[in-house]
Amino acid sequence: MKVRDAVLADVEEISSFLQELAALGKRSLPSDETYVISQYIAHSDNIRCSVVEDVDGTLLGLQVLKWASEGNTYGVTPGWGMIGTHVRPSAGRRGVGRALFAATLDAARQAGLEKIDATIGASNPEGLGYYEAVGFRTYKTNESSVSKCFELTEATAPVQK
Ligand SMILES: CC(C)(COP(=O)(O)OP(=O)(O)OC[C@H]1O[C@@H](n2cnc3c(N)ncnc32)[C@H](O)[C@@H]1OP(=O)(O)O)[C@@H](O)C(=O)NCCC(=O)NCCS
């Protein structure tokens, strides 16, 4: 599989696997194509929006890294990054999420981010397990959600030219 930037031609297929996630009760946000474009592929706060493509061209997952802007809906500190990950149900537990995060981390370093927030439903063990596995740690909880933070250390900061 290969990781690349998402493009508008991917929208229909992304929308389709998001609908599969929703049908399985693993997603509550909209999954239509307009939402995919406005919130994922072409959001004005995007740092990187990546997809994983299988050898036959099938899209297996999507990860979005955005700047947390003033007044963002998740209450994340402005200037942090915010991440979202969505893997096609039939491609779960094959390393798609890990491959996406490697690309996202490169983008985060290039952007000079210091912290990335992942806010996950409190009753979503796979999401909680995934973010913990790639290095996020819980810093805030409430009844319905858990917020985890990935800290980019000085050793991973971009080299000053
Ligand atoms: C959570 C999600 C992104 C994980 O993606 P994935 O491609 O299956 O993850 P990977 O195969 O790269 O797994 C990486 C690690 O995450 C953890 N993990 C993944 N799926 C898990 C599960 N179902 N239960 C517990 N831990 C899990 C494991 O530690 C795993 O490492 P291992 O397989 O070596 O044990 C995917 O299941 C998904 O899209 N779920 C629905 C949407 C969602 O919950 N998004 C995230 C929260 S908003």
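Refer to the structure presented above.
Residues numbered from 1 in each chain as written. Predicted model: local features only at pLDDT ≥ 70, side-chain atom pairs only at ≥ 80, totals over all residues. Heavy atoms only, no water.

## Remarks on the sheet that holds strand 5 (residues 115-121)
The strand order across the open sheet built from seven strands is 1-2-3-4-5-7-6, with neighbouring strands paired in mixed fashion. The open sheet is flanked by strand 1 (2-5) and strand 6 (137-141), the only strands paired with a single partner. For this sheet the average axis-to-axis angle between neighbouring strands, irrespective of direction, equals 30 degrees. Bridge count between strand 2 (residues 46-53) and strand 3 (residues 59-67): seven bridges; the pairing is antiparallel. Paired with Cys 49 across the strands is Val 64, a residue of strand 3. Contacts from helix 1 (residues 11-23) reach strand 2, strand 3 and strand 4 (81-87), with the element oriented near 95 degrees to strand 3. (Pairing = 2+ DSSP bridges. Helix = DSSP H or I, 4+ residues; strand = E, 2+ residues; numbered from the N terminus. Axes fitted to C-alpha atoms, helices over the stretch in contact; angles between N-to-C directions. Contact = heavy atoms within 4.5 Å.)

## Here's the deal with the packing of aromatic side chains
Per the stated rule, a full pass over the model turns up seven aromatic pairs. Joined through ring pairs, the aromatic side chains of Phe 101, Tyr 130, Tyr 131, Phe 136 and Phe 150 make up one cluster. (Phe/Tyr/Trp six-rings, centres within 6.5 Å; stacked < 30°, edge-to-face > 60°.)

## Some words on the side chain of Lys 66
Its place among the elements puts Lys 66 in strand 3. Within the structure, Lys 66 has its side chain in polar contact with the backbone oxygen of Gln 39 (distance 2.8 Å). Each residue touching Lys 66, except ones within four places of it in the same chain, is listed here: Gln 39, His 43, Asp 45, Asn 46, Ile 47, Trp 80, Gly 81 and Met 82. (Polar contact = N/O pair within 3.5 Å; in protein donor to acceptor, adjacent residues only side chain to side chain.)

## Description of the pairing of strand 5
With two bridges connecting them, strand 4 and strand 5 associate as parallel partners. Residue Gly 81 lies in a different strand from strand 5, and its bridge partner there is Ile 116. Read as a crossover between parallel neighbours, the route from strand 4 over helix 3 (residues 96-111) to strand 5 is right-handed. In terms of strand pairing, strand 5 meets strand 7 (residues 145-151) through seven bridges, oriented antiparallel. For Ala 118, the partnering residue across the bridge sits in strand 7 and is Lys 148. (Right-handed = clockwise from strand over helix to strand, strands pointing away.)

## Thoughts on the site of the ligand
Neighbouring residues of the ligand: 19 residues in total, closest Val 87, Arg 93, Gly 95, Gly 97 and Asn 124. With respect to the ligand, the backbone of Gly 97 contributes an N or O atom lying 2.8 Å from an oxygen atom. One of the side-chain N or O atoms of Glu 126 is found 2.9 Å from a nitrogen atom in the ligand. Bound to the protein, the ligand loses 76% of the 900 Å² it would expose on its own. Listing elements by their share of the shell around the ligand, those giving two or more residues are strand 4, helix 3 and helix 4 (125-133). With six residues, the single largest contributor to the shell around the ligand is helix 4. Residues of the shell around the ligand, tallied by class, amount to six nonpolar, eight polar and five charged. (Near = heavy atom within 4 Å. Areas by Shrake-Rupley, 256 points an atom, 1.4 Å probe, with all protein chains shown as cover. Nonpolar A, V, L, I, M, F, W, Y, C, P; charged D, E, K, R; others polar.)

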